[in-house]
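Below are the chains, spelled out letter by letter.
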Protein chains: 2
Amino acid sequence: MKPLQVGLLGIGTVGSGTFKVLQRNQEEIRHRAGRGIEITMVADLDVARAKAVVGEGVKVVGDAREVIANPQIDIVIELIGGYGVAKTLVLEAIAAGKHVVTANKALLAVHGTEIFAAAHAKGVMVAFEAAVAGGIPIIKALREGLTANSIQWIAGIINGTTNFILSEMRDKGLDFDTVLKEAQRLGYAEADPTFDIEGVDAAHKATLMSAIAFGIPVQFDKAHVEGITKLAAQDIKYAEQLGYRIKLLGITKRSAKGIELRVHPALVPSKRLLANVEGAMNAVVVNGDAVGTTLYYGKGAGSEPTASAVIADLVDITRLHTADTEHRVPHLAFHPEAILANKGDLPIVPMSEVVTSYYLRLRVADEAGVLARVTSLLAEAGISIDAVLQREADEVGGEGSTQTDLIILTHDTREGTLDEVLARVQGLPSVLAPIVRIRKEELS
Amino acid sequence: MKPLQVGLLGIGTVGSGTFKVLQRNQEEIRHRAGRGIEITMVADLDVARAKAVVGEGVKVVGDAREVIANPQIDIVIELIGGYGVAKTLVLEAIAAGKHVVTANKALLAVHGTEIFAAAHAKGVMVAFEAAVAGGIPIIKALREGLTANSIQWIAGIINGTTNFILSEMRDKGLDFDTVLKEAQRLGYAEADPTFDIEGVDAAHKATLMSAIAFGIPVQFDKAHVEGITKLAAQDIKYAEQLGYRIKLLGITKRSAKGIELRVHPALVPSKRLLANVEGAMNAVVVNGDAVGTTLYYGKGAGSEPTASAVIADLVDITRLHTADTEHRVPHLAFHPEAILANKGDLPIVPMSEVVTSYYLRLRVADEAGVLARVTSLLAEAGISIDAVLQREADEVGGEGSTQTDLIILTHDTREGTLDEVLARVQGLPSVLAPIVRIRKEELS
């Protein structure tokens, strides 16, 4: 049988890796897929660079529409990124009856509903393993491996840049700005790192996982997104003393009022495997009612790790595209009618309704009765305390200091309730600086 | 569309879990699979107990052949276990045109070639996610998620009983026999624990992973199988002091001479996530040339975790059974012709040809020159030393002792070479007891 012909749109880091791995392992891949898979056409604005990557024998064009219009092409890989032209091209490829593979988390998290509906109507597959956690087959695990389960929650380190920064901050006791510059120098952070450090990238990925796990539409606009830019080295240190590490987590969770979807820094118990995921690595923990807790770990970015996911999608399409389209693995794990039905029953809950526990750091006057005043306000609101760490004033502010840090870990409480109490605590004359509040996730 | 009808052979722990989870999550599962999946018939020797589990509305019979003969049944789940009647029934179900789901690692590791050939000829699927690492979707990750890769090696904690025993030995400093009794009391070890503690169960699972990873036939008869019964508490302690933990690993690895397939205790660096997998949990590390190192963690046994894998297979069959049988996901990841072709190119290598590093413990006379004599014999054979730990005689044998322990970590060496040298070292008059030799895997 003749090889499947693939057209590649955008041959940067991931595209080059895809081309290289597909060539290097072509024999093994053919033995797995049952037929050859060949990139026969590439579109890139930089035609010369693209030609240098693919060499002779592959047609390189500057206009992506030439690839889509080619009737020989069975599958289009979109590696352009962003919401703009990528969206138009993906929809055109679908309209032309091509299967699509994409690593574009931003596009799918925002426009997934429209794209998957178009693909479903046309009977083509849109595969996106590479969009979440790079080479880790987490989409496959959620969509196919854990189908028996009512998924309870997912918590993941799904952005390598921020995990690298947090690991360095902890290891070296440095603050955020210093480490960010180091990360940029080493290539772990981009020149404009906003999407990574503000949590947007992680929120795109968490949005996709929430849809697949719970059978709801992608709803990036309803995600709570908080980055790591305000994290202080001292909070990482205090957390460590209390037996926790701070990680930027993408969390989605089934709760009484719907589905939580949130990205923010969180304290994680040091003994959890997730807390020990260091550097630029990714890991996702999935809890299902039957399977319990499972974890998936690996490289979340990079040329060949991401290419590994792109090619796995190519093989999947080769193996499965002949299956009955009404039953074939649905794009978002659930069949479209079920997703529509769930939308009302499973709304994304506002942050004020989220129930979790908290780390609080208060800069207070070093005087009698402060702890009592703070804890009694918490107690009045029904917030119970798990642990308190009170520092010696001398240690915190130097010899003769009249200020100290009070660190409080709470038990589970409704975030709205906590916020109200914290406003009152903030008003106490002994509280000398804005209260630092970081969520704590036990993941048990 | 009418629900797929499933017949269940053997309703013990996993069978009951499968029935329960399929009922509890039936709506979600139907929304994922695109149609209902129902167990409508159960065969078990203990008809009364089976009836008590499934209640009214499900036909319970004592003879499995009644299930296989029922033309209404689309899929047969085999949860009887063992090589005997299970083999006959699986082959009969295939011959009757039923898809088969099984958790039977022993059966597939020994008779997989015959069973998969029969299924291929008949055009039915045989799914076995539950056979390896319980609820962790590791078969799916290897067979579908990592298809881009030339897999380099796999190392897994794939037997919960032995991992529980090793965790307890380390935590409490107890020896094997004591902990085994404790494990039996707690239900973590069976009354006859031979298959677990001698490494046979892990070898069945490693055999299946080796076939899927490398495209070779299942060859349990060529696996090297070594259990944990000879492990001493003191080796766990010394390993800890050197920065390692001892785990029973199932390993399969691509090497210059073919494929390694071995189960044995091994030192693993304490900083690796795999070393921190405690209690009855399972975890598998997979290294591929494109993706790098990935890890999959979760419960490797138990009623509902294993049921999670069985049901995932049912959903897979529902979604995929209409795909072209020539391209549909192959049972062992590779198409049968490729597996046949690889058999000659990728033989299982004998242990004497395995290259790895070692932990050696020598009980020696506490006298000058012993270390020099031992290390010069190693050096003559080209074996270089990574670390040496020499204990004070008093610490080892008590006040006035004239014996001590010499612990040596080697760099990589061919096992056959090491064995020859160790025979010579054993002959030294200063070496007072049989040398303890445990393999060391850096997993980097």
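Residues numbered from 1 in each chain as written. Chains lettered and ligands numbered in written order. Predicted model: local features only at pLDDT ≥ 70, side-chain atom pairs only at ≥ 80, totals over all residues. Heavy atoms only, no water.

Another point: the sheet that holds strand β6 (residues 126–127) of chain B. Backbone hydrogen bonds hold the strands of a sheet together, and the pairing may be parallel or antiparallel. Judged by pairing direction, the sheet is parallel, and its 6 strands sit side by side in the order β3-β2-β1-β4-β5-β6 (chain B) without closing on themselves. The outermost strands of the open sheet, each flanked by one partner alone, are β3 (59–61) and β6 of chain B. (Pairing = 2+ DSSP bridges. Helix = DSSP H or I, 4+ residues; strand = E, 2+ residues; numbered from the N terminus.)

Ranked by size, the top nonpolar core spans 174 residues in total, and within it Ile138(A) and Ile138(B) carry the most contacts. Val101(A), Ala290(A), Leu314(A) and Val315(A) belong to the second largest nonpolar core, which has 71 residues in total. (Core = buried A, V, L, I, M, F, W, Y, C linked by side-chain atoms within 4.5 Å. Buried < 20%, exposed > 50% of the residue type's maximum accessible area, 1.4 Å probe, protein only.)

All names here are of chain A. Following the UniProt record, one finds the feature "binding site: NADP(+)" (unreviewed entry) at Leu-9, Gly-10, Ile-11, Gly-12, Thr-13, Val-14, Gly-15 and Ser-16. The topology assignment puts Gly-10 in the loop between β1 (4–9) and α1 (13–24). Leave out the neighbours within four places in its chain, and Gly-10 touches Gly-15, Ala-43, Asp-44, Leu-79 and Ile-80. By the secondary structure assignment, Val-14 is in helix α1. In this structure, Val-14 is in contact with Leu-79, Gly-302, Ser-303, Thr-306, Ala-307 and Val-310, ignoring residues within four places of it in sequence. (UniProt positions renumbered as here; feature names shortened; annotations may be inferred. Contact = heavy atoms within 4.5 Å.)

What follows covers helix α5 (residues 85–95) of chain A. Residues and elements named next belong to chain A. By the burial criterion, the buried members of α5 are Ala-86, Lys-87, Leu-89, Val-90, Ala-93 and Ile-94. Each element contacted by the buried residues of α5 is listed here: β1, α4 (64–69), β4 (75–78), β5 (99–102), α6 (105–122) and β6 (126–127). Where α5 terminates, the next one or two residues include Gly-97, which has phi positive at roughly 80°.

What follows deals with the UniProt feature "binding site: L-homoserine" (unreviewed entry) in chain A. Those residues carrying the UniProt feature "binding site: L-homoserine" (unreviewed entry) are Glu190(A) in this numbering. Inspection of the secondary structure assignment puts Glu190(A) in the loop between α9 (176–186) and α10 (194–197).

What follows deals with the relation of the copies chain B and chain A. After a rotation of 180° and a shift along the axis of 0.0 Å, chain B superposes on chain A with an RMSD of 0.0 Å. Within this description, the copies of the chain are treated as partners about a two-fold rotation axis. In terms of proximity to the rotation axis, the leading residue of chain B is Ala323(B), whose C-alpha is 1.9 Å off the axis. Comparing interface residues between copies, 100% of those in chain B also lie at the interface in chain A; the contact surface is shared. (Least-squares fit on C-alpha atoms with pLDDT ≥ 70 in both.)

Within the secondary structure, Asn163(A) sits in helix α8 (residues 160–172). Not counting the four nearest positions on each side in its chain, Asn163(A) is found in contact with Ile157(A), Lys247(A), Val277(A), Glu278(A), Gly279(A) and Met281(A).

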